[in-house]
Amino acid sequence: MSPVLRTQLGGAARRPARLLLTGLAMLVASFVVYATVLAQQITLRTALDTLSGTPEAVDLVVTTPNAENAVPISTTQLGKIKAVPGVAEAVGRVETGGEIGGQYLSLVGDPGSGALSVAHVTQGRYPAAPNEIAVTPRTASRMSLPVGTRLGLKIYGSDDKDKTVQLQVVGIVTPADDYGSIAYAPQSSVTALTGGDTLQQIDVRLDAGADPAAVRDAIAAIGGKHAPEVRSGADVRLDEANQAASDLNAVFAVVGMFIAIAVVAAGLVAASTFRIVFAQRMRQLALLRAVGAGRGAIVRALAAEGVVTGLVAGVTGVLGALAVGSAVPPVLRLFDITVAGPGVPVLPALGVIALAVVVTLLAVISPAVTAARVAPLEALRAAATTAGKHGIGKVRWVFGLLLVTGAALSAGYVATHLPGRDTKDYRPDMMLLAIVFSGAMAYFALIALGPVLMRPVLAVVGLPLRRLGSIGRLAVGGVGGATRRAAAVSVVVALGVTLIAGVVVGGASLRVLADRELASSAPADFELTAGDGATLPADLVTRAAGSAQLRHATTYRRLNDLKIGTAVEQFDANDLDLAALPELSKIDVADGSLADVRPGSIAVSGWARDATGVHLGDKVEVSAGKGKHKVTLTVAAILPDSVPLGSSVLVHRSDMDKLGASALASGLLADAAQPGEDGRTAAQQALRQVMDNRSGLGLKVLADQRDQENDAIDTVLAIALGLIGLTVLIAVVGVGTTVALSVVERARESGLLRAVGLTRGGLRAMLTTESGLYGVIGAVLGLLLGVPYAWLAVKALGVNAPLRLPVLQLVAVFAALVAFTALAGVLPARRAAKVSPVVALGTE
């Protein structure tokens, strides 16, 4: 080992705290990466344990072979399987369903007790007689089916002969999933209702000590040349869990992308930290140069120090993540949440440590080369003098300007090739790739030109601070005195803010689009329909309008044979009153205005426009009833997709009369009078009372559809913001590290300020304000990049989403970032304030 290398490693060993502080960002990144690996293991293992629909006790599963002319398994085979030696229990699985009060009720066969049951009684008892059923809690609430209820279930036969069977609810059962429309009964009872003997699956539990292979062969032999397919229960559960968790790999792939961004951010922070540390050790490096150490030897020694730093940070981060990951299952069990343990993934752990070493090595190279180039005489100057440089070289200028040009050209190309309202044959993938390419070049340009941009940006954002007094002026001067350092830290903060601003702005725009689409397909909480061509009784509409559990009750009529002009196509039309439901105000138009749909005018969908060739303002002949009823109407609005309720044409009610529509309504829409699940349940029960078990009526809970869509959007946005928060966390760590090292570097400056009258509180305020300024600069740069690129990405998607600027959310992001970065400087500031002026002035 060379003397230079031994000197540097010895110094690192004597100051382990400084070593960890230098690699703190990489430690956090290593923790996050390995914690993600453990989270994936926990999620996948839990999915395998809980997402399978086949009970754990099932040893063999018998199904119909997936082949042409295969003979379905039946109750006859079930009886023979029960008699096979080694079979302890066999249960047939079958499912049917029917209509009750206009709603579909699924009826599932299950034993109701024992190891092979998937439903367990929580109230009443499990069905025993042929006409008894048990329902889930949500089904009982939503469909008004408490224990003791008698109901008529209309079952649709395959021979077009419907039958209604009388059933009684005798119990409440809890299954793995409760969708609000499920009932259970013994398999024999469900099979009797189907009118056949076909089973979907047979679950088999073996006797203790039975040979699974022998039993499998015996079961397969039952069918002769039409042998059923027999698989192990473990294989079936694995397939079911993998299918249920099929989206998890895609989710973790997205997580991996954000983790990669966080690792890049950690590398940038590490490079900045090494630059500061090496600047503070210029005198030591100069002495090494003076006694004969070459530049190459110093670079290798500093690089070795970086490798050690990365190794220590990687190992510490992995061990910390393993400790936390192993503690998650027992902690969650305290809250009655059961998840699987992550185990100890050794290869990923070694990979994370290797990644930490490689990234740290890459981060240390440039600062090491710069430190080794300093001549001995220049290096013997004060560290602050070297750290205070703020210019960039000509090559960096040219490189930065080339990046700016490339980013501008790429963004300009996308902006000039955005789709209009008609997105036919438009491919968004290439445009989105161009935006990512442009954004990456813009960010690298920010890294290259950052030191030059710091002073003008600081002049603007620091203006209010300068006016607050000496503390503000000193803080602005401290940041501006080392623009390279400020740029290195602020660009990492800017990366996090850019991503957050992109998600917030893009999410706000796409949420408005989703609201518009849902307003068209699900404009109310409930829809009551009369079936194809049928109408609702007038008294039913009157009773619904007078119900205290409902509000905004409004009817509509449909015509399915509307013709426009000379077009051969027939269109579906309705006369829904757009002013009757609040949700309808969110609907967007491609041209015109829905407010102009008055007597004598219509609104058409994008498909109807393409099929007929009509334009806004055209007067067209509209006919119905095979041409018996005709009227000339003006096109007042064109929608990008369908008009409300999936129709192609929206007609005013007076014109619907002229087109020969029945005076009675085809359907009714209404909202729940009270919010929440209780209000929705009460409204649903009120509508079922209004329906009074009349046949031919259907009831849809449109509010559930809206909830599912909104929950999906909220989940995606929450996950994205949480993942981007990793980058912000590393940026905040970088700010804290920079301030902590700056305190050591500027000890004499702090002592001088204290000697001329600055109080401890004033010094703490100055350093904390400097720390917050890094966040302000980064947040400003991030918003300037994030908002335009988010708008560009939204338009490039080609989904006609409006551009939105959620000011309050962006202000909250800005304030939070500034607060976090300011808090990162609190501890270093307190440490600096504790040092007496005499000691500080004596620091070298």
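No experiment lies behind these values; they were computed from the predicted model shown.

1. As for the overall build of the chain
Inference 1: Along the backbone of the chain there are 29 helices and 22 strands.
Inference 2: The proportion of buried residues among the 844 residues of the chain is 48%.
Inference 3: Of all intrachain contacts in the chain linking residues separated by at least 6 positions in sequence, the fraction that spans at least 24 positions is 82%.
Inference 4: Put simply, the chain shows about 38,600 Å² of open surface, and 60% of that area lies on carbon and sulfur atoms.

2. Quick look at the nonpolar core
Inference 1: By size, the foremost hydrophobic cluster in this structure holds 91 residues, and its most contacted members are Tyr 34, Ile 730 and Ile 777.
Inference 2: Top element by residues in this core is helix H26 (residues 760–796). It accounts for 15 residues.
Inference 3: Ile 777 has contacts with Met 454, Val 457, Leu 458, Val 461, Val 479 and Ser 490, leaving out every residue within four places of it along the chain.
Inference 4: Counting residues in hydrophobic clusters, the runner-up holds 35 residues, among them Ile 133, Leu 151, Leu 193 and Leu 206.

3. Points about the packing of helix H15 (residues 394–416) against H26
Inference 1: Between H15 and H26, the shortest axis-to-axis distance is 10 Å and the interhelical angle comes to 35°. The way H15 lies across H26 gives a crossing that is left-handed. Taken together, the residues of H26 that come into contact with H15 (itself represented by Ala 407, Ala 411, Val 414 and Ala 415) are Tyr 789, Leu 792 and Ala 796.
Inference 2: Residue composition of the contact of H15 with H26, by class: seven nonpolar, no polar and no charged.

4. Here's the deal with helix H10 (residues 282–290)
Inference 1: The set of residues buried in H10 consists of Met 282, Leu 285, Ala 286 and Leu 288. Buried residues in H10, looked at end-on, bunch into an arc of 160°, giving them a common side. Among the exposed residues of H10, those oriented more than 90 degrees off its buried face are Leu 287 and Ala 290.

5. Regarding the pattern of salt bridges
Inference 1: Under the defined criterion, the tally for this structure stands at 15 salt bridges.
Inference 2: Ionic pairing is found between Asp 588 and Arg 516, a salt bridge with its closest N-O pair at 2.9 Å. Here Asp 588 is found in the loop between strand E15 (571–574) and strand E16 (591–592), whereas its partner Arg 516 is found in helix H19 (residues 483–521), with 72 residues between them in sequence.
Inference 3: The network of salt bridges with shared partners includes Arg 93, Asp 110 and Asp 203.

6. Observations concerning the sheet that holds strand E11 (residues 229–232)
Inference 1: Strands sit in the order E2-E10-E1-E11 across an open sheet of four strands; the sheet is antiparallel. Pairing within the sheet leaves two strands with one partner each, and these edge strands are strand E2 (87–93) and E11. Shown here is a sheet whose adjacent strand axes are inclined to one another by a mean of 20°, direction ignored.
Inference 2: As paired elements, strand E1 (residues 60–63) and E11 share four bridges and run antiparallel to each other. Each residue of the ladder has a partner; that of Val 62, found in E11, is Val 230.

7. Examining the environment of Pro 127
Inference 1: With respect to the element layout, Pro 127 can be found in the loop between strand E5 (120–124) and strand E6 (132–135).
Inference 2: On a C-alpha basis, the gap between Pro 127 and Gly 112 in space is 8.2 Å, while along the polypeptide they are 15 residues apart.
Inference 3: Beyond its immediate chain neighbours, meaning those up to four positions away, Pro 127 contacts Glu 132, Ile 133, Ala 134, Val 170, Tyr 184, Ala 185 and Pro 186.

8. A short note on the confidence of the model for the chain
Inference 1: Taken as a whole, the chain shows an average pLDDT of 82; of its residues, 89% reach a score of 70 or greater.
Inference 2: Note that pLDDT drops below 50 for residues 382–388; the model gives that stretch ten contacts with residues more than four away or on any other chain.

9. Observations regarding the environment of Ala 115
Inference 1: Counting through the fold element by element, Ala 115 comes out in the loop between strand E4 (103–109) and E5.
Inference 2: Given a relative accessible area of 40%, Ala 115 falls into the partly exposed group.
Inference 3: Along the sequence, Ala 115 and Pro 55 sit 60 residues apart, while their C-alpha atoms lie 7.4 Å from each other.

10. Points about a nonpolar patch on the surface
Inference 1: Residues Val 331, Leu 334, Phe 335 and Ile 337 make up a contiguous nonpolar surface patch of roughly 440 Å² in combined accessible area.
Inference 2: Structurally, Ile 337 is set in the loop between helix H11 (295–333) and helix H12 (346–373).

11. Section: the sheet that holds strand E13 (residues 550–556)
By definition, the strands of a sheet pair up through backbone hydrogen bonds, in either a parallel or an antiparallel sense.
Inference 1: If you walk across this open sheet you meet the four strands as E13-E21-E12-E22, and the pairing is antiparallel. Pairing within the sheet leaves two strands with one partner each, and these edge strands are E13 and strand E22 (698–701). Strand-to-strand twist of the sheet, defined as the mean angle between neighbouring strand axes without regard to direction, takes the value 20°.
Inference 2: Alignment of strand E12 (residues 526–529) against strand E21 (residues 667–672), held across four bridges, turns out to be antiparallel. Note on E21: the bridge partner recorded for Phe 526 is Ala 670.
Inference 3: Sheet contacts for helix H20 (residues 538–545): E12, E13 and E21; angle to E13, the most-contacted strand, approximately 150°.
Inference 4: Its contacts with the sheet put helix H23 (residues 676–691) on E12, E13, E21 and E22, and the angle it makes with E22 is roughly 170°.

12. Section: the packing of H19 against H26
Inference 1: Two numbers describe how H19 lies on H26: the axes approach to 6 Å, and their chain directions differ by 35°. The hand of the H19/H26 crossing is right-handed.
Inference 2: Here the contact of H19 with H26 is composed, by residue class, of 17 nonpolar, nine polar and one charged.

13. Observations regarding the side chain of Thr 681
Inference 1: For Thr 681, the location among the structural elements is in helix H23.
Inference 2: Given a relative accessible area of 7%, Thr 681 falls into the buried group.
Inference 3: Sequence-distant contacts of Thr 681, defined by excluding residues within four places in its chain, comprise Ser 141 and Arg 142.

14. Observations concerning the side chain of Gln 684
Inference 1: Position of Gln 684 among the secondary structure elements: in helix H23.
Inference 2: A relative accessible area of 1% means that Gln 684 is categorised as buried.

15. What about the packing of aromatic side chains?
Inference 1: One pass over the full model with this rule turns up two aromatic pairs.
Inference 2: Taken together, a centroid distance of 5.1 Å and an interplanar angle of 70° make the contact between Phe 571 and Trp 607 edge-to-face. On the criterion of sequence distance, the pair formed by Phe 571 in strand E15 and Trp 607 in helix H21 (residues 606–612) is long-range, its members being 36 residues apart.
Inference 3: Residue class for Phe 571 comes out buried when judged on its relative accessible area of 0%.
Inference 4: According to the relative accessible area criterion, Trp 607 is partly exposed, its value standing at 48%.

16. Let's talk about the environment of Ala 129
Inference 1: Among the structural elements, Ala 129 can be located in the loop between E5 and E6.
Inference 2: Placed 57 residues apart in sequence, Ala 129 and Pro 186 show a C-alpha to C-alpha distance of 8.9 Å.

17. Topic: helix H16 (residues 428–461)
Inference 1: Given a rise of 1.5 Å per residue, 34 residues ought to cover 50 Å, yet the end C-alpha atoms of H16 are separated by just 37 Å, more than 12% below that figure.
Inference 2: At Gly 450, H16 shows its maximal kink, close to 75°; a proline, Pro 451, follows between one and four residues later.

18. Some details on unusual backbone geometry
Inference 1: The phi dihedral of Lys 626 is positive, around 55°, even though this residue is not glycine.
Inference 2: Positive phi is not limited to glycine here, since Leu 645 has a value of about 70°.
Inference 3: Of note, Leu 645 is situated in the loop between strand E19 (629–638) and strand E20 (649–651).

19. Regarding a positive patch on the surface
Inference 1: A cluster of basic residues, Arg 760, Arg 764, Arg 830 and Lys 834, forms a positive patch on the protein surface.
Inference 2: At the level of elements, H26 and helix H28 (826–834) are the ones that each hand at least two residues to the positive patch.
Inference 3: Following the sequence through the fold, Arg 764 ends up in helix H26.
Inference 4: Arg 764 sits in the partly exposed class, given a relative accessible area of 34%.

Cut-off values and rules
Residues numbered from 1 in each chain as written. Predicted model: local features only at pLDDT ≥ 70, side-chain atom pairs only at ≥ 80, totals over all residues. Heavy atoms only, no water. Helix = DSSP H or I, 4+ residues; strand = E, 2+ residues; numbered from the N terminus. Buried < 20%, exposed > 50% of the residue type's maximum accessible area, 1.4 Å probe, protein only. Contact = heavy atoms within 4.5 Å. Areas by Shrake-Rupley, 256 points an atom, 1.4 Å probe, with all protein chains shown as cover. Core = buried A, V, L, I, M, F, W, Y, C linked by side-chain atoms within 4.5 Å. Axes fitted to C-alpha atoms, helices over the stretch in contact; angles between N-to-C directions. Left-handed = near helix turned anticlockwise from the far one by under 90°. Nonpolar A, V, L, I, M, F, W, Y, C, P; charged D, E, K, R; others polar. Arc of directions from axis to C-beta. Salt bridge = Lys/Arg side-chain N within 4 Å of Asp/Glu carboxyl O. Pairing = 2+ DSSP bridges. pLDDT = per-residue confidence, 0-100. Patch = residues over 30% accessible without salt bridge, like charges linked within 9 Å, V, L, I, M, F, W, Y side chains within 5 Å. Phe/Tyr/Trp six-rings, centres within 6.5 Å; stacked < 30°, edge-to-face > 60°. Expected span 1.5 Å × (residues − 1). Bend = angle between axes of the 7 residues up to and from the residue. Lys, Arg positive; Asp, Glu negative; His and termini not counted. Charge placed at Lys NZ, Arg CZ, Asp CG, Glu CD.

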